[in-house]
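Summary of the model geometry
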Amino acid sequence: MMNLVYTYQPLFDYFLLAVGFAYSQQMVLRAGVFSIGSAGFASIGAYFVAIVVKDHGMNAIVALLIATLLGCVGGFLLSIPLARLRGVFQAIATLAFVQIVVSLCLYFDELTGGPQGFNNIPKLVGTWHLLAAVLVTIYFMYVISRSAIGRAFDALRQDETVGATLGISIRKYHMIAFVLSGALAGFFGGMQSLYTFSIEPEMFGFTFLVAALTYIILGGRGTVTGPIIGALIMSVLPELARPLADNRQFFQGILMMVMIAFMPHGVFDGLVLHLRKRRAAARDKLFKEAH
Amino acid sequence: MASLVLSNVSKRFGGLLAVSDVNMEVPPGKITGLIGPNGAGKTTVVNMITGLLKLTTGSIKLGDRDISEAEAHEVAFAGVSRTFQNIRLLPEATVLENVVIGFHVHVRSSLFAQLVGLPSSVRETPKLFERGRQLLERFGMSRYADHPAGGLAYGHQRRVEMMRAVATDPKILLLDEPVAGMNDVEATELGDVFKELAASGIGLLLIEHNIRFVNQLCEQVYVLDSGAMIASGTPQEVMHNPAVVAAYLGTKK
């Protein structure tokens, strides 16, 4: 039994980190912003925490708080030039931002260790810390989704012109989405640093942002549970596909295409929508029978 | 209550003068009509009032306040609300959620309270949903509260859009072809709703094709053709105006 726990503990830890990054990605998508900049903010947070904790002996909690703040400021600054962009243009512009961060990390090798990565980071974060961080994040995500901010995000995602004519400032709420997404990415980037001993620039590159997008596409954009489901699928799927050995990636790809084709809202959001329709239909039937 | 006043409003798209020198007043508590053939520029006028399009020249005032340069969300806060010619609901959201988003201008809890879940924000949400239910009750739509809005029948979708606009508690309500595609019975029902809204002090601007419908409801009618205001007055005056007849039916050779 204990063996089983030890075998799967790293998997669980990575799942928890994935949930954190998934929420960062969801925050922008929920507001209708197609930003994939989370990877860049995660990188900034990760390198900042690694450098100040290892080289300057800063307290880990203080370092994580500053990393979160850096993510906020980064999100705020990035939102200004991108305010007029939408959809695929936003995606490309934020991808460029991610590439800039990756290349800066490679370039300033005295500070970051360059392509060799930044190693021997003290391991100060374990499963319980990650779990606590994710639970706190879930609380915030729930609170925000039930607030006027969450409703404004939902409205802008579905039709931003309608949102604007109802008093929602597009620029302001897109900025809030960028800031919150940056904060989450910066914080969990820092957590990852203190968990993995070493980081390297490409960890927060293209693969990272595709993974973050995948959690949300699989799980769902509009609910708090969606990203958890998405991250869970992506963590468990490679394990389940293990017997397929060399064909693993192939089958994983097929499965994802099938899921996206048949559940375009994501597994969890799709389920919620489906149940909602069924309940509405059932109530209609009752109403008609009564009259 | 405040009137909405347009003075010498023009809009130019490149070389095309879409709206030229329009003067118009929408007083509170009354239904004012804006009619005109297809492509006359009616929706452009509405888009300029609501801040979706910038004016080329002229000014728009709500009471004493100049809203010519205001952005869409500022116009909403100033007290102007609208419906769209092609219905625009939030399709994934339920009917009730669609109405509740209309309360956005009434949210009192601060951003900070919303972010960290202070009681002021947590308690506000159920209150707004309760107000949403009352509004649904008033429009006879309670049984659809939890339906996804995108799946409703056309006439019901129109009502949801109307409720959402009314939820902002507007001083001025702009209705862009609200009875398009409805039969006379449905239109008359909706007309009664408009009369009630006007009686409650809201100034309504009714943009319509259906001249009979406008005649039933409006005291003052403006006629737009090719971007210019060609006539205004009571429905009777306007209907007998040769320019209006020509615009709608063409001229005799």
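None of these values were measured; they are calculated from a predicted model.

1. Some words on the overall build of chain B
Along the backbone of chain B there are 10 helices and 10 strands. Taking 2.2 N^0.38 as the reference for a compact globule, 253 residues should give roughly 18 Å; the C-alpha atoms of chain B span a radius of gyration of 19 Å, in line with that estimate. Along the first, second and third principal axes, the C-alpha set of chain B runs to 70 × 40 × 30 Å. Burial statistics for chain B: of 253 residues in total, 45% are counted as buried. Sequence separation of at least 24 residues holds for 67% of the intrachain contacts in chain B that already meet a minimum separation of 6.

2. Some thoughts on the interface of chain B and chain A
Chain B puts 32 residues into the contact, and the matching count from chain A is 27 residues. When residues of the side of chain B that touches chain A are traced back to their parent elements, those giving at least two are helix 2 (72–78), helix 3 (95–101), helix 4 (111–116) and helix 5 (119–138) of chain B. Here the side of chain B that touches chain A is built from residues that sort into 15 nonpolar, 12 polar and five charged.

3. Points about the domain arrangement of chain B
The domains assigned to chain B are domain 1 (4–79 + 170–249) and domain 2 (90–156). One C-alpha centre belongs to domain 1 of chain B, the other to domain 2 of chain B, and the line joining them spans 28 Å.

4. Examining the sheet that holds strand 5 (residues 65–66) of chain B
All names here are of chain B. Read across the open sheet, the four strands follow the order 2-1-4-5; overall the sheet is antiparallel. On the outer flanks of this sheet lie strand 2 (16–26) and strand 5, each paired with one strand and no other. Summarising the sheet, strand 1 (residues 4–13) and strand 4 (residues 57–62) pair through five bridges and their orientation is antiparallel. Bridging from a neighbouring strand, Leu 4 pairs with Leu 62 of strand 4. Taken strand by strand, helix 1 (residues 42–49) contacts strand 1, strand 2 and strand 4, and its axis lies near 65 degrees from that of strand 2.

5. A closer look at unusual backbone geometry
Positive phi values are uncommon outside glycine, yet Asn 120 of chain A reaches one of about 55 degrees. Relative to the helices and strands, Asn 120 of chain A resides in the loop between helix 5 (109–112) and helix 6 (127–145). On the neighbour-count criterion, Asn 120 of chain A (10 C-beta atoms within 10 Å) is exposed. Of note, Ser 226 of chain B is a non-glycine position whose phi angle comes to about 50 degrees, a positive value. One can find Ser 226 of chain B in the loop between strand 9 (220–225) and strand 10 (228–233). Here Ser 226 of chain B falls in the partly exposed class, since 15 other C-beta atoms lie within 10 Å of it.

6. Quick notes on the sheet that holds strand 6 (residues 80–82) of chain B
Residues and elements named next belong to chain B. Read across the open sheet, the six strands follow the order 6-7-8-3-9-10; overall the sheet is mixed. Edge positions in the sheet fall to strand 6 and strand 10, since each of these pairs with one other strand and no more. Strand-to-strand twist of the sheet, defined as the mean angle between neighbouring strand axes without regard to direction, takes the value 20 degrees. Where helix 1 meets the sheet, its contacts fall on strand 3 (31–35), strand 6, strand 7 (172–176), strand 8 (203–208) and strand 9, and the angle it forms with strand 7 comes to roughly 150 degrees.

7. Examining the nonpolar core
Core analysis: the largest hydrophobic core is formed by 159 residues, its most contacted members being Ala 177 and Met 191 of chain A together with Leu 204 and Leu 206 of chain B. For this core, the element with the highest residue contribution is helix 9 (residues 170–196) of chain A, accounting for 16 residues. When residues of this core are assigned to domains, at least three fall in each of domain 1 (4–79 + 170–249) and domain 2 (90–156) of chain B. Residues within four places of Ala 177 of chain A in sequence aside, it is in contact with Met 27, Val 28, Ala 31, Val 33 and Phe 153 of chain A.

8. Side note on helix 11 (residues 225–240) of chain A
Each full turn of the α-helix corresponds to 3.6 residues, which orients residues three or four apart in the same direction. Compared with an ideal rise of 1.5 Å per residue, which puts 16 residues at 22 Å, helix 11 of chain A spans 22 Å between its outermost C-alpha atoms and is within 8% of the ideal. If you check which residues of helix 11 of chain A are buried, you get Gly 226, Pro 227, Ile 228, Ile 229, Gly 230, Ala 231, Met 234 and Ser 235 of chain A.

9. Let's talk about the confidence of the model for chain B
All names here are of chain B. Residues at a pLDDT of 70 or more form 99% of chain B, whose mean pLDDT is 92. Element-level mean pLDDT values for chain B span from 85 in helix 10 (residues 242–249) up to 97 in helix 2. Note on the complex model: pTM 0.92, ipTM 0.91.

10. What about the packing of helix 2 (residues 38–56) of chain A against helix 3 (residues 60–79) of chain A?
Residues and elements named next belong to chain A. Close contact between helix 2 and helix 3 brings their axes to 9 Å; oriented N to C, the two are set at 150 degrees. Between helix 2 and helix 3, the angle falls in the class roughly antiparallel. Seen from above, helix 2 lies across helix 3 with right-handed handedness. Seen from helix 2, the contacting residues are Phe 41, Ile 44, Gly 45, Phe 48, Val 49, Val 52 and Val 53; seen from helix 3, they are Ala 60, Ala 63, Leu 64, Ile 66, Ala 67, Leu 70, Gly 71, Gly 74 and Gly 75. The residue inventory of the contact of helix 2 with helix 3, partitioned by class, reads 12 nonpolar, four polar and no charged.

Cut-offs applied
- Residues numbered from 1 in each chain as written.
- Chains lettered and ligands numbered in written order.
- Predicted model: local features only at pLDDT ≥ 70, side-chain atom pairs only at ≥ 80, totals over all residues.
- Helix = DSSP H or I, 4+ residues; strand = E, 2+ residues; numbered from the N terminus.
- Rg over C-alpha atoms; globule rule 2.2 N^0.38 Å.
- Buried ≥ 20, exposed ≤ 12 C-beta atoms within 10 Å, placed from the backbone.
- Contact = placed C-beta atoms within 7 Å.
- Nonpolar A, V, L, I, M, F, W, Y, C, P; charged D, E, K, R; others polar.
- Domains from an automatic or database assignment.
- Pairing = 2+ DSSP bridges.
- Axes fitted to C-alpha atoms, helices over the stretch in contact; angles between N-to-C directions.
- Core = buried A, V, L, I, M, F, W, Y, C linked by C-beta atoms within 7 Å.
- Expected span 1.5 Å × (residues − 1).
- pLDDT = per-residue confidence, 0-100.
- Parallel < 35°, antiparallel > 145°, perpendicular 65-115°, else oblique.
- Left-handed = near helix turned anticlockwise from the far one by under 90°.

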